[in-house]
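A closer look at the structure
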Amino acid sequence: MDMEKLSGARKLYDKTLRCLLYLCAFLTCALLVFMIGYIFYRGLPHVTWNLISTKPSYLSDNIGILPDILNTLYIVIATLVIVLPLGVGAAIYLTEYARNRKLVSVIEFATETLTGIPSIIYGLVGMLIFTPLLGKSLLAGALTLVIMTLPTIVRTTQESLKTVPASYREGALGLGSGKWHMIRTIVLPCSIDGIVTGCILAIGRIVGESAALLFTAGFAHALNGFFTGLTSSGATLTVALYVYAKEQGEFEVAFAIAAILMILTLIINLAANFVGKKLKQRQG
């Protein structure tokens, strides 16, 4: 409807709603910018080469977070290696193969419910199931995070698969392609954006998790290799942030870790987007 044909009251109502929408958008952006700016303002001056390249030592009174950075990378890699095949495979089955729609609806409802469960509950479950078998280790923490992030991977991949037009499937099958060949060469490449989105959301939750890892991975600061680290207790950056801020009162170090966490998350997300674009280019 043309604005000239609207009454004065309707124009005022429309402008008021527009102003409220702009105000909400501005407040959201301002809050985000303030939080990021404040963390960088408090944290970046305390980020030193000694901090990120050494391990902590009580004998020399040194504070270093290199083991925590490596533990974070180890647990991200271990979790993604397990959760991506499980989540994408489950989404493919539910979307392409499952015929019992009631069962699919129940599974979808269950995954949405699992997404909203507090992380401390997952930590208790991991402590009762994985810790007795593996001890307090990064692997036990990774398996706990697999359970936490699996619903996110499944739902985002499933919604992405549903956006692929049915004509693509019918065309591939009409040309003699098998079901799995059609999914592998047509459906999955077309839904790569959704898979990457789910991967980014999962990484964000993995990197930002602390409560569940306190119960399962522990908070040791030992410097280990990948396989040794997975079988040993270790603190991630978020757990180290909690320990330095809450237990030791080292707020400068805590803000420095927070700044490093934000930079690391940005790098990982950019890398995931880069991989997604490369896969789409290969598809084209």
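To be clear, the structure that these remarks concern was listed above.
What you are looking at is a predicted structure, and each value in this text was computed from that prediction instead of being measured.

Check the secondary structure of the protein and you find 14 helices and zero strands. Ordered by position from N to C terminus, the α and β elements of the protein give α-α-α-α-α-α-α-α-α-α-α-α-α-α. In terms of overall dimensions, the protein has C-alpha extents of about 70 × 60 × 35 Å along its principal axes. For the protein, the residues scored as buried account for 38% of the 284 residues in total. Put simply, of all contacts in the protein between residues at least 6 apart along the chain, 74% involve residues at least 24 apart. Accessible surface for the protein amounts to roughly 16,000 Å². Of this, 70% is attributable to carbon and sulfur atoms. Positive and negative side-chain charges in the protein, numbering 22 and 15 respectively, have mean positions lying 8 Å apart.

Moving on, we come to the pattern of salt bridges. Overall, the coordinates contain seven salt bridges when judged by the stated rule. Across the pair R18 and D14 runs a salt bridge, and its minimum N-O distance is 3.0 Å. Highlighted residues: R18 and D14, both in helix α1 (residues 8–43), separated by four residues, approximately one helical turn. Residues R155 and E108 are paired through a salt bridge, measuring 3.9 Å at the closest nitrogen-oxygen approach. Pair noted here: R155 is in helix α7 (residues 138–162) and E108 is in helix α4 (residues 101–115), with a separation of 47 residues, a long-range link. As far as the burial class goes, R155 and E108 line up, both buried. Beyond isolated ion pairs, a larger network of salt bridges with shared partners links E108, E112, R155, E159 and K162.

In this section: the nonpolar core. Counting residues in each nonpolar core, the largest one holds 49 residues, and the members touching the most others are I65, I75, L80, L237 and I257. Within the residue set of this core, elements represented by two or more residues are α3 (66–97), α7, α9 (179–190), α10 (192–208), α11 (211–216), α13 (237–247) and α14 (251–283). Examining the composition of this core, we find that 10 residues originate from one element, α3, more than from any other.

Quick look at the state of the cysteines now. Considering all chains together, one arrives at zero disulfides under this definition. Not part of a disulfide, C19 finds its nearest cysteine sulfur in C24, a span of 11 Å. By relative accessible area, C19 is classed as exposed at 52%.

Our focus in this paragraph is the packing of aromatic side chains. Counting across every chain of the model gives four aromatic pairs. With a centroid separation of 5.4 Å and an interplanar angle of 85°, the aromatic rings of Y74 and F226 are classed as edge-to-face. Pair noted here: Y74 is in helix α3 and F226 is in helix α12 (residues 226–230), with a separation of 152 residues, a long-range link. The class of Y74 is buried, set by a relative accessible area of 11%. Ring centres 5.1 Å apart and planes at 80° place the aromatic pair F226 and F227 in the edge-to-face group. Looking at F226, the relative accessible area reads 26%, which means it is partly exposed. For F227, a relative accessible area of 67% corresponds to the exposed category. Ring pairing ties together the aromatic residues F34, Y38 and F255, which thus form one cluster.

This paragraph deals with α7. Along its 25 residues, α7 runs 35 Å from first to last C-alpha, staying within 8% of the 36 Å computed at 1.5 Å per residue. The sharpest bend along α7 comes to roughly 40°, located at T149, with the proline P151 sitting one to four residues further on. Counting buried positions over the 25 residues of α7 gives 19, a clear majority of the element.

Each value, and the rule that gives it
- Each chain carries its own residue numbering, running from 1 in the written order of its sequence.
- The model is predicted, so local features are restricted to residues of pLDDT at least 70 and side-chain atom pairs to those at 80 or more, both for listing and for counting; the totals for chains, interfaces and linings are taken over all residues.
- To get the side-chain values, take all heavy atoms of the structure and skip hydrogens and water.
- Secondary structure elements follow DSSP: runs of H or I no shorter than four residues count as helices, runs of E no shorter than two count as strands, and numbering proceeds from the N terminus.
- Categorising residues by exposure relies on relative accessible area from a 1.4 Å probe, with only protein chains included: less than 20% of the type maximum marks a residue as buried, more than 50% marks it as exposed, and the intermediate range marks it as partly exposed.
- A contact between two residues is defined here by any heavy atoms of the two lying within 4.5 Å.
- Surface exposure here means Shrake-Rupley accessible area, sampled with a 1.4 Å probe, where a residue is shielded only by the protein chains that are shown.
- Within this scheme the basic residues Lys and Arg register as positive and the acidic residues Asp and Glu register as negative, but His and the chain ends are omitted.
- The location of each charge is read from NZ of Lys, CZ of Arg, CG of Asp or CD of Glu.
- Any carboxyl oxygen of Asp or Glu that lies within 4 Å of a side-chain nitrogen of Lys or Arg is treated as forming a salt bridge with it.
- The criterion is simple. A nonpolar core is a set of buried Ala, Val, Leu, Ile, Met, Phe, Trp, Tyr and Cys residues joined through side-chain atoms within 4.5 Å.
- In this description, a disulfide is simply a cysteine sulfur pair whose atoms lie within 2.5 Å.
- In this scheme Phe, Tyr and Trp rings, the latter by its six-membered ring, pair at centre separations within 6.5 Å, and the angle between planes marks the pair as stacked below 30 degrees, edge-to-face above 60, and tilted otherwise.
- Under the convention used throughout, the expected extent of a helix is 1.5 Å for every residue step, that is, one less than its residue count.
- Note on bend: at a given residue it equals the angle between the axes fitted to the 7 residues ending there and to the 7 starting there.

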